[in-house]
Amino acid sequence: GFSLPAPRVLVRPYLWLFLALRGTLFFLRRVLVAEPLFKAYCTRVGRGVTTGVHVPWVQGSGELVVGDHVRISGKIAISFAASFTRRPRLVIGDHSDIAHDTRFVVGREIRIGRHVEVAGGVTFRDSGGHPTDPELRRQGRPPDPDEVRPVVVHDHAWIGTGALIMPGTEIGEGAIVSAHAVVSGKVAPFSIVAGNPARRIGMLEPARANAA
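We now turn to the structure provided with this report. (Residues numbered from 1 in each chain as written. Predicted model: local features only at pLDDT ≥ 70, side-chain atom pairs only at ≥ 80, totals over all residues. Heavy atoms only, no water.)

1. Topic: the overall build of the protein
Right, so step 1: Per the secondary structure count, the protein includes 3 helices and 20 strands.
Right, so step 2: For the protein, the spread of C-alpha atoms along the principal axes amounts to about 65 × 45 × 45 Å.
Right, so step 3: Evaluated residue by residue, the protein yields a buried proportion of 36% over its 212 residues.
Right, so step 4: Expressed as a percentage of contacts within the protein between residues at least 6 apart in sequence, the contacts between residues at least 24 apart total 32%.
Right, so step 5: When the accessible surface of the protein is summed, it comes to about 12,000 Å², and 57% of that surface belongs to carbon and sulfur atoms.
Right, so step 6: Averaging the coordinates of the 26 positive side-chain charges in the protein and doing the same for the 18 negative ones gives two points 7 Å apart. (Helix = DSSP H or I, 4+ residues; strand = E, 2+ residues; numbered from the N terminus. Buried < 20%, exposed > 50% of the residue type's maximum accessible area, 1.4 Å probe, protein only. Contact = heavy atoms within 4.5 Å. Areas by Shrake-Rupley, 256 points an atom, 1.4 Å probe, with all protein chains shown as cover. Lys, Arg positive; Asp, Glu negative; His and termini not counted. Charge placed at Lys NZ, Arg CZ, Asp CG, Glu CD.)

2. Considering the pairing of strand β8 (residues 102-106)
Right, so step 1: When you tally the buried positions in β8, you get 4 out of 5 residues, the bulk of the element.
Right, so step 2: Where strand β5 (residues 76-80) lies against β8, 5 bridges are found, and the strand directions are parallel. Bridge pairing in β8 places Ser79 opposite Val105.
Right, so step 3: As paired strands, β8 and strand β11 (residues 123-125) are joined by 3 bridges and run parallel to one another. (Pairing = 2+ DSSP bridges.)

3. Notes on the nonpolar core
Right, so step 1: Ranked by size, the top nonpolar core spans 35 residues in total, and within it Leu90, Phe104, Phe124, Ile159, Ile165 and Ile171 carry the most contacts.
Right, so step 2: Contributions of two or more residues to this core are made by β3 (63-66), β5, β6 (89-92), β8, β9 (109-112) and β12 (151-153).
Right, so step 3: Here this core gets 3 residues from one element, more than from any other, and that element is β5.
Right, so step 4: For Ile171, the contacting residues outside a window of four places in its chain are Val152, Val153, His154, Ala157, Ile159, Ile165, Val177 and Val187. (Core = buried A, V, L, I, M, F, W, Y, C linked by side-chain atoms within 4.5 Å.)

4. Overview of the packing of aromatic side chains
Right, so step 1: For the structure on display, the rule yields 1 aromatic pair.
Right, so step 2: Ring centres of Phe104 and Phe124 lie 5.0 Å apart, and the angle between their planes is 10 degrees; this geometry places the pair in the stacked category. You can see Phe104 sitting in strand β8 and its partner Phe124 sitting in strand β11, a full 20 residues away along the chain.
Right, so step 3: Looking at Phe124, the relative accessible area reads 0%, which means it is buried. (Phe/Tyr/Trp six-rings, centres within 6.5 Å; stacked < 30°, edge-to-face > 60°.)

5. Focus on helix α1 (residues 8-41)
Right, so step 1: Compared with an ideal rise of 1.5 Å per residue, which puts 34 residues at 50 Å, α1 spans 47 Å between its outermost C-alpha atoms and is within 8% of the ideal.
Right, so step 2: Along α1, the sharpest change in direction is near 40 degrees and occurs at Arg30.
Right, so step 3: Turning to α1, its buried residues number three or more, namely Ala34, Glu35 and Phe38.
Right, so step 4: Buried residues along α1 sit against β3, β4 (71-72) and β5. (Expected span 1.5 Å × (residues − 1). Bend = angle between axes of the 7 residues up to and from the residue.)

6. So, the pairing of β6
Right, so step 1: Pairing between β3 and β6: 4 bridges, direction parallel. When the sheet's bridge partners are listed, Leu64 is paired in β6 with Leu90.
Right, so step 2: Across 4 bridges, β6 lies against β9 in parallel orientation. Bridge pairing in β9 links Leu90 to Ile110.

7. Considerations on the environment of Arg125
Right, so step 1: Considering the arrangement of structural elements, one finds Arg125 in strand β11.
Right, so step 2: The class for Arg125 is buried, based on a relative accessible area of 18%.
Right, so step 3: Apart from residues no more than four positions distant in its own chain, Arg125 is found in contact with Arg103, Val105, Ile110, Val151, Leu164, Ile165, Met166 and Pro167.
Right, so step 4: For Arg125, the side chain forms a polar contact with the main-chain oxygen of Ser127, separated by 2.9 Å. (Polar contact = N/O pair within 3.5 Å; in protein donor to acceptor, adjacent residues only side chain to side chain.)

Encoded structure:
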């Protein structure tokens, strides 16, 4: 139960010193380590791309195309599976924001449009990772190529925390995917979807959505 006294006149400067040192350390780690290494992974990278302090976890070999002023706000993971195409491809469009703990599993192609907001803990996958046939799963075989279907997220979409975006999904322009939704198939432009499986629960006015 021992505790030191903490007079405000002493601990406030101590806090300011700590925050200044931490901010400097994080700045150096971002600009000298995380951002250069993230850009080194990219096949093509635009202007003004920023990251947090974490280096992305990238497995396998594929194309990573990042547009202008993309923001990677935390640690992300990218898994390329080259079993289905020679160069799986992940594209992130201009001015999109990818939050912490986002995961991409890319067997063929995942395409994120422009001005897309992706909240933390979202998973995108264009393959389930295993075949639907139980005998093939027992044999440790990869999914059938027909089960690997590209994922497309159009401009100005917003994907909430913890959402799971399944193979073959196409999210329309300006759509909103609610937190923890499981999305498969087509999401109409400017619609709001929620649930497992995700269903439409509302619509947006396109003019308001674009203004936002």
